[in-house]
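# Observations on the model geometry
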Amino acid sequence: MILLDRVTKNYNRRGTALKSVSLHVEPKEFVIIVGPSGAGKSTLLKLLTREEKPTSGKIIVGGIDYETLKDKNIPLLRRKIGVVFQDFKLLPNKTVFENVSFALEVVGMGNKEIRHTVPRVLEIVGLTGKEDNYPSELSGGERQRVAIARAIARQPKILIADEPTGNLDPKHAWDVIRVLEKINKYGTTVLLTTHNMEIVNKLKRRVVTIKDGQVASDRAGGTYRSDV
Amino acid sequence: MRRKLITLRRIAIAGVKNFFRNSWLTVAATAVMVVALTIILMAVVLNVTARNAIGEMSKNLKVSIYIKDDAKTEVVAQLKRELTTNPYVAEVDYISKEQAQQQFSDSFQNDQKLLEGLALIGGNTLPASFEVSVSNLSKINEVGEIPKQEVFKDVVDDVTIGKTDVRKTIDRAAAAQRFITTASVIAAAIFAVVSMLIIFNTIRMAIFTRSEEIRIMKLIGATPGYIRGPFLVESSMYGVIAGVIATSVVLVAIFSLGSKVSTQAEFAATYTFFSDPKIIAAMYVGAILLGILVGVISSMFAMEKHLKLKYW
């Protein structure tokens, strides 16, 4: 599903963010990416969403080779990848329903289909009944679940969650992680970055550690090890 | 196809919503564009008015060729031929002695004493004449030279060109027309640039304040058109609203001022011209299209930097 082959990213001023990173993620896999701040995790995710281009190396996601991907097809690529951020990035002047339907409007889905889809997606993330609330009326955990609902509404093949629990207390963090596990169970490949050691240890999933722009370790059912 | 229609509708709705979102900038941008369009429309109207007035006054500007009473008819006919074949001559009217007498007594019918005095002298002392109107005013002197040729010496009594006061008025009107054109082109250009700058900034600020929203849209797979569309709709609306206001202002001016002078020959044609529903519609359409063009161009510049596919 995701293939990175010796990917290097140099920033002109800030130096090298990634050094020859190779990574292979199978379909329906749940991968946790850990590493200290500035290790290159965010760069890695930006390369996957094609917000950045690699300096060298090959990236293939869902059969699309980024090297030959034309600019005008970037929107089509993005529709296959759902993204969730640490700071939610919800639109404050739109209700929960509108925030989710927004993602479907963008891809040209009809109003009838949207009215049918949004409640089902909100049910998956456990927010039934909150349709008409504004983000400011929700807790952090609920907001993040709205963001997840928005990301998965188009049924992407891959869900990238960039420290989704970073701003949440443990209880709400677990709500969010449970939702991610559920989505993964339905067949979506999930890429999760986190600093939370407890989450990593309890999930017992494949853990990829990135340090100084390189893959320091990659083990299944792994735990967070700060020594590598 | 259906998806495209749905998307187009959503773009239009988003654009209209955004238009009303930052109301003060909207008012400023629209107001300046109203000024620019009003100046342009006024310039057009004044030009048409001046042209019509000059045309109307020129009708009174004729070459009068007075024929001697004992002129040979063949030579007179030759003169007429030569006049009618001249490219600058619009019309040649022959006024016989009898017609001249009639015209004269018509214009002095309130002055019985003068007419009685003339009757005392007896006979018709007025000469026959050709009244020649020209198609091009600047050539009127050349036309005036025709009857002064040697061949016509025996038939032509006198040649007069126009009335000098009419010529002066026409020259003044023409000078005013040139001034109006130049001044309005300059003023319209200045205001057009100002309104472009304001719209440019309005759109750029809108892009800036909505940058987060735009980034989300990009990440959830919006196409460039879907993000740019609402901004284009928004800036077109400045043009539509400004066009409607400007045209209405100008039309109100035409009808409130015009109704006072519409009976004067110089302005009658202009007034009827601008009363034509087709012309009114054309003015609205023209002003709106011009406004949309200005709005779209300036927002294109504003979007150039941030909403290009390169930076997707």
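Not measured: the values here are computed from a predicted model.

## Considerations on the overall build of chain B
- When helices and strands are counted, chain B shows 11 helices and 4 strands.
- Per-residue burial for chain B yields a buried fraction of 29% across its 312 residues.
- Across chain B, the fraction of contacts at a sequence separation of at least 24, relative to all contacts at a separation of at least 6, is 89%.

## Here we look at the interface of chain B and chain A
- Each partner contributes to the interface: chain B provides 17 residues, whereas chain A provides 17 residues.
- Secondary-structure elements contributing two or more residues to the side of chain B that touches chain A are helix 1 (2–21) and helix 8 (211–219) of chain B.
- Broken down by element, the residue count for the side of chain B that touches chain A peaks at 5 residues, all from helix 8 of chain B.
- Looking at side-chain class alone, the side of chain B that touches chain A contains 9 nonpolar, 3 polar and 5 charged residues.

## What to know about the packing of helix 5 (residues 140–152) of chain A against helix 6 (residues 170–185) of chain A
All names here are of chain A.
- Between helix 5 and helix 6, whose axes approach to 8 Å, the crossing angle comes to 20 degrees. Classified by the interaxial angle, the pair formed by helix 5 and helix 6 is roughly parallel. As for how helix 5 packs across helix 6, the hand of that crossing is right-handed. Taken together, the residues of helix 6 that come into contact with helix 5 (itself represented by G140, G141, Q144, R145, I148 and I152) are H172, D175, V176, V179 and I183.

## As for the domain arrangement of chain B
- Looking at chain B, the domain boundaries give domain 1 (2–56 + 168–311) and domain 2 (62–162).
- Using C-alpha coordinates to define each centre, domain 1 of chain B is positioned 53 Å away from domain 2 of chain B.

## Some details on the sheet that holds strand 9 (residues 206–211) of chain A
Residue and element names in this part refer to chain A.
- Reading across the sheet, the 6 strands line up as 6-7-8-3-9-10 and stay open at both edges, with mixed pairing between neighbours. Both outer strands of the open sheet, strand 6 (81–84) and strand 10 (214–219), are each paired with one neighbouring strand and no more. Sheet twist, expressed as the mean angle between neighbouring strand axes with direction ignored, is 20 degrees.
- For strand 9 and strand 10, the ladder comprises 5 bridges, and the chain directions are antiparallel. Among the inter-strand pairings, V208 is bridged to a residue of strand 10, identified as D218.

## Let's talk about the packing of helix 2 (residues 23–58) of chain B against helix 10 (residues 265–275) of chain B
All names here are of chain B.
- Two elements in contact, helix 2 and helix 10, have axes whose closest approach is 8 Å; the angle formed by their N-to-C orientations is 140 degrees. If you check the angle between helix 2 and helix 10, you find them oblique. Here helix 2 runs over helix 10; the crossing is right-handed. Between helix 2, through V45, V48, T49, N52, A53, E56 and M57, and helix 10, the contact on the second element is made entirely by A265, E266, F267, A269, T270, F273 and F274.

## Some points on helix 4 (residues 111–124) of chain A
Residue and element names in this part refer to chain A.
- The first and last C-alpha atoms of helix 4 sit 20 Å apart over 14 residues, in line with the 20 Å expected at 1.5 Å per residue.
- Against helix 3 (96–106) and helix 5 lie the buried residues of helix 4.
- The first or second residue beyond helix 4 is G126, which carries a positive phi of 75 degrees.

## Let's talk about the nonpolar core
- Formed by 108 residues in total, the largest nonpolar core has its most connected members in V100, A149, L159 and I160 of chain A together with M33, A36 and L37 of chain B.
- Top contributing element to this core by residue count: helix 2 of chain B, with 11 residues.
- In contact with V100 of chain A, not counting residues within four places along its chain, are V118, V121, L122, V146, A149, R150 and A153 of chain A.
- In this structure, A128, V132, V143 and I146 of chain B belong to the second largest nonpolar core, which totals 14 residues.

The rules behind each value
Residues numbered from 1 in each chain as written. Chains lettered and ligands numbered in written order. Predicted model: local features only at pLDDT ≥ 70, side-chain atom pairs only at ≥ 80, totals over all residues. Helix = DSSP H or I, 4+ residues; strand = E, 2+ residues; numbered from the N terminus. Buried ≥ 20, exposed ≤ 12 C-beta atoms within 10 Å, placed from the backbone. Contact = placed C-beta atoms within 7 Å. Nonpolar A, V, L, I, M, F, W, Y, C, P; charged D, E, K, R; others polar. Axes fitted to C-alpha atoms, helices over the stretch in contact; angles between N-to-C directions. Parallel < 35°, antiparallel > 145°, perpendicular 65-115°, else oblique. Left-handed = near helix turned anticlockwise from the far one by under 90°. Domains from an automatic or database assignment. Pairing = 2+ DSSP bridges. Expected span 1.5 Å × (residues − 1). Core = buried A, V, L, I, M, F, W, Y, C linked by C-beta atoms within 7 Å.

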